[in-house]
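# Examination of the molecular architecture
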Amino acid sequence: MAKKSKKMQDALKKVDSMKVYSVAEAVELAKETNIAKFDATVEVAYRLNVDPKKADQQIRGAVVLPNGTGKTQTVLVFAKGEKAKEAEAAGADYVGDADMVQKIQGGWFDFDVVVATPDMMAEVGKLGRVLGPKGLMPNPKTGTVTMDVTKAINEVKAGKVTYRVDKAGNIHVPIGKVSFDTDKLIENFNTINDTLLKAKPSAAKGQYIKNISVTTTFGPGIHVDQASLIRKFLTQLPDIC
């Protein structure tokens, strides 16, 4: 077992592993226990009671965080003709079609998000083996396969994040940077939480959320009181649906 650094040991002493914290407490503690020398990412992790092997329990989508992620996303758009011009006007960093396919096949990956118009998916499909494992393949569920390229680009630049349950039933989503004000991180957290609660599959039985934790890039995980969040969500349901 790798030995923990003194900084990590000191950070762990500040976290009660047997306690569940309110969102505000968890966010404050995550900022306090950050041991990175850079502006680390703050992330929320969910362990869900779903079976990702079943099609009706796969959870995937995207949401725009009200306060962004603190990261500038580089966007590649596969489009041609007028849609290519529209993408360029909307601020896409790279725009192309077959030429971009060849470039990526050659090992180029200087982008964070890929958007494609539906008519380009036959070309983009050739990149499935390289884009898929990196989580970069455009998908209608995340709004990255669309004719409205302007909207897609604007959402990405505004702080759109994607989420997808993994094989173990976990979802990890960034909610900002350590430098963010606590209130902004809480607002981003609540946006993710409400989105995932609304995404609960009807086929999922029993306790939907098993665990929620907040952490920073190299910091310890801090457990969040999910029961209070679910109660709050249920009381707000008529307003947010």
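Residues numbered from 1 in each chain as written. Predicted model: local features only at pLDDT ≥ 70, side-chain atom pairs only at ≥ 80, totals over all residues. Heavy atoms only, no water.

### A short note on the overall build of the protein
Check the secondary structure of the protein and you find nine helices and nine strands. For 241 residues, the compact-globule estimate of 2.2 N^0.38 gives 18 Å, and the protein sits close to it at 20 Å. Along the first, second and third principal axes, the C-alpha set of the protein runs to 55 × 40 × 35 Å. Contacts spanning at least 24 positions in sequence make up 72% of the contacts within the protein whose residues lie at least 6 apart. Approximately 12800 Å² of the protein is accessible, and the part contributed by carbon and sulfur atoms is 50%. (Helix = DSSP H or I, 4+ residues; strand = E, 2+ residues; numbered from the N terminus. Rg over C-alpha atoms; globule rule 2.2 N^0.38 Å. Contact = heavy atoms within 4.5 Å. Areas by Shrake-Rupley, 256 points an atom, 1.4 Å probe, with all protein chains shown as cover.)

### Topic: helix H8 (residues 182-198)
In this model H8 runs 24 Å from its N-terminal to its C-terminal C-alpha over 17 residues, within 8% of the 24 Å that 1.5 Å per residue would give. Counting buried positions over the 17 residues of H8 gives 13, a clear majority of the element. (Expected span 1.5 Å × (residues − 1). Buried < 20%, exposed > 50% of the residue type's maximum accessible area, 1.4 Å probe, protein only.)

### Here's the deal with the sheet that holds strand S1 (residues 41-48)
Strand pairing in a sheet is mediated by backbone hydrogen bonds. Such pairs are either parallel or antiparallel. The sheet built from four strands is open, its strands ordered S7-S1-S8-S9 with antiparallel pairing. Edge positions in the sheet fall to strand S7 (170-177) and strand S9 (222-223), since each of these pairs with one other strand and no more. Pairing analysis gives seven bridges linking S1 to S7, with the strands arranged antiparallel. Note that in S7 the partner of Thr41 across the bridge is Lys177. On the sheet, H8 packs against S1, S7 and strand S8 (209-216) and is oriented at approximately 155° with respect to S7. (Pairing = 2+ DSSP bridges. Axes fitted to C-alpha atoms, helices over the stretch in contact; angles between N-to-C directions.)

### Some remarks on the confidence of the model for the protein
Atomic detail in the predicted coordinates should be set aside for any region of low pLDDT. Looking at the protein as a whole, its pLDDT mean stands at 92, while 94% of the residues score no less than 70. Ranking the helices and strands of the protein by mean pLDDT puts strand S3 (residues 75-78) first, with 98, and helix H9 (residues 226-240) last, with 67. (pLDDT = per-residue confidence, 0-100.)

### Regarding the pattern of salt bridges
Inspection of the entire model under this criterion finds eight salt bridges. Across the salt bridge formed by Lys85 and Glu82, the nearest N and O atoms sit 3.6 Å from each other. Taken together, the positions of Lys85 and Glu82, both in helix H3 (residues 82-90) and three residues apart, correspond to about one turn of that helix. On the basis of relative accessibility, which here comes to 59%, the residue Glu82 falls in the exposed class. The partner of Asp93 in a salt bridge is Lys157, with the nearest N and O atoms 2.7 Å apart. Here Lys157 lies in helix H7 (residues 149-158) and Asp93 lies in the loop between H3 and strand S4 (94-96), a separation of 64 residues in the sequence. Classification of Asp93 as partly exposed rests on a relative accessible area of 38%. Overall, the relative accessible area of 36% leaves Lys157 in the partly exposed class. (Salt bridge = Lys/Arg side-chain N within 4 Å of Asp/Glu carboxyl O.)

### Details of the sheet that holds S4
With respect to topology, three strands assemble into an open sheet ordered S4-S3-S5, the strand pairing being parallel. Two strands close off the open sheet at either side, each with one partner strand: S4 and strand S5 (113-116). On average, each strand axis in the sheet is tilted by 20° relative to the strand beside it, whichever way the strands run. Two elements, S3 and S5, share four bridges in a ladder whose sense is parallel.

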